[in-house]
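If you want the building blocks of each chain, they are given just below.
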Amino acid sequence: MKFKVLVISSCFFFLGCAELQQVVNQLPQGGTIGNDQIANGLREALNFGIDKQVQKLTQEDGFFKNELVKIILPEELQKVDNSLRKIGLGNLADEGLKVLNRAAEDAVKEATPIFVAAVKEITFNDAKQILLGSNNAATSYLKSSTESKLYDSFKPVIGNSFSKVGADQIWSNLINRYNNIPFVSKVNPDLTEYVTQEALNGVFTMIAVEEQEIRTKASSRTTTLLQKVFALQDE
């Protein structure tokens, strides 16, 4: 402390007020932030992504009218869609696409606790490196660390949601109509697996949206911890 006072006093004789203030501003201001605090800040940012962005997916049309995450038909079913429209079954094709998104919306609602638990368990081996990484570095770390486990937990939820929103019956009818068209190659897609992966991708996409908001907009850092931790990346 005596050393700091001596430095400031010495500078006063040689510098003007503006220069002196600059010296003061460069002096240490209350210590450093540890890796544990940074890790907690990253977890808080991911939780904000779940609370603010992923919750939007659980609403009606949360997937269907969100171009960032809307589930479209897999490649092998594009021909099914086109063929049904050609024979006047466009409404059925539209409904088939909509119920895939409805199943994802319902499943995310049921599975949100899975994502919350995954964030609590995540271990950031180098939190500072992640903090100073890209705008979606924490989300990417979450995805790489938990995606396999989340997929196994999420898939049965998607299966239940297919039944709950009637997607299984609609797609059974739709596929049967298509397979009865003369000369077409029969299809029997595993839509549960496809929608599971697409729904997970949608969740990670929306978490990344919130992470980017917190990283790039100081106004989005609505807690003391977020302000303190993410100020480090602004330096």
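These lines cover the structure that appears in this document, whether it is placed above or below.

Considering helix 4 (residues 75-86)
For helix 4, with 12 residues, the first-to-last C-alpha span of 18 Å sits near the 16 Å given by 1.5 Å per residue. Every buried residue of helix 4 is listed here: Leu77, Val80, Asp81, Ser83 and Leu84. Contacts from the buried residues of helix 4 go to helix 5 (90-121), helix 8 (167-179) and helix 9 (191-216). Trailing helix 4 by a residue or two, Gly88 shows a phi angle of about 85 degrees, which is positive.

Observations concerning the packing of helix 3 (residues 35-57) against helix 5
Packing of helix 3 against helix 5 leaves a shortest axis separation of 10 Å and a crossing angle of 175 degrees. Put simply, helix 3 runs roughly antiparallel to helix 5. Taken together, the residues of helix 5 that come into contact with helix 3 (itself represented by Arg43, Leu46, Asn47, Ile50, Val54, Gln55 and Leu57) are Glu105, Val108, Thr112, Phe115, Val116, Val119 and Lys120. Residues of the contact of helix 3 with helix 5, tallied by class, amount to eight nonpolar, three polar and three charged.

Overview of the packing of aromatic side chains
With the rule as written, the count across this model stands at two aromatic pairs. A centroid spacing of 5.3 Å and a plane angle of 25 degrees characterise the contact between Phe124 and Tyr141, whose relative ring orientation is stacked. Note that Phe124 is positioned in the loop between helix 5 and helix 6 (127-131) and Tyr141 in helix 7 (residues 137-164), a separation of 17 residues in sequence. Residue classification places Phe124 among the buried residues on the basis of a relative accessible area of 4%.

Examining the packing of helix 5 against helix 9
Running from amino to carboxyl end, helix 5 crosses helix 9 at an angle of 60 degrees, the nearest separation of the two axes being 10 Å. Regarding the angle of helix 5 to helix 9, the classification is oblique. Judged by the sense of rotation from one axis to the other, the crossing of helix 5 with helix 9 is right-handed. Packed against helix 5, whose contacting residues are Leu100, Ala104, Val108 and Phe115, the element helix 9 presents Leu191, Val195, Ala199, Leu200 and Val203 at the interface. Of the residues that constitute the contact of helix 5 with helix 9, the class distribution is nine nonpolar, no polar and no charged.

Describing the side chain of Thr112
When you line up the elements, Thr112 lands in helix 5. Judged by relative accessible area, which is 9%, Thr112 ranks as buried.

Thoughts on the pattern of salt bridges
Applying the stated criterion across every chain yields a total of 13 salt bridges. Put simply, Glu213 and Lys217 hold a salt bridge, and the shortest N to O gap is 3.4 Å. Residue Lys217 is classed as partly exposed on the basis of its relative accessible area, which comes to 40%. Here the salt bridges do not stand alone but share partners, grouping Glu60, Asp61, Lys65, Arg102 and Glu105 into one network.

Re the nonpolar core
Leu42, Phe124, Phe154 and Trp171 are the most contacted members of the largest nonpolar core, which totals 66 residues. The set of elements that each furnish at least two residues to this core consists of helix 3, helix 4, helix 5, helix 6, helix 7, helix 8, helix 9 and helix 10 (224-234). Take this core: its biggest share by element is 12 residues, from helix 5. Ignoring anything within four residues of it in the chain, the contact list for Trp171 reads Leu73, Leu77, Gly96, Leu97, Val99, Leu100 and Leu191.

Quick look at the environment of Arg102
Assignment of secondary structure puts Arg102 in helix 5. Each C-alpha atom, one on Arg102 and one on Glu60, is 7.2 Å from the other, the two residues being 42 residues apart in sequence. Among residues more than four places away in sequence, those in contact with Arg102 are Glu60, Asp61, Phe64 and Val165. A polar contact is formed between the side chain of Arg102 and the side chain of Asp61, at a distance of 3.0 Å.

Rules used throughout
Residues numbered from 1 in each chain as written. Predicted model: local features only at pLDDT ≥ 70, side-chain atom pairs only at ≥ 80, totals over all residues. Heavy atoms only, no water. Helix = DSSP H or I, 4+ residues; strand = E, 2+ residues; numbered from the N terminus. Expected span 1.5 Å × (residues − 1). Buried < 20%, exposed > 50% of the residue type's maximum accessible area, 1.4 Å probe, protein only. Contact = heavy atoms within 4.5 Å. Axes fitted to C-alpha atoms, helices over the stretch in contact; angles between N-to-C directions. Parallel < 35°, antiparallel > 145°, perpendicular 65-115°, else oblique. Nonpolar A, V, L, I, M, F, W, Y, C, P; charged D, E, K, R; others polar. Phe/Tyr/Trp six-rings, centres within 6.5 Å; stacked < 30°, edge-to-face > 60°. Left-handed = near helix turned anticlockwise from the far one by under 90°. Salt bridge = Lys/Arg side-chain N within 4 Å of Asp/Glu carboxyl O. Core = buried A, V, L, I, M, F, W, Y, C linked by side-chain atoms within 4.5 Å. Polar contact = N/O pair within 3.5 Å; in protein donor to acceptor, adjacent residues only side chain to side chain.

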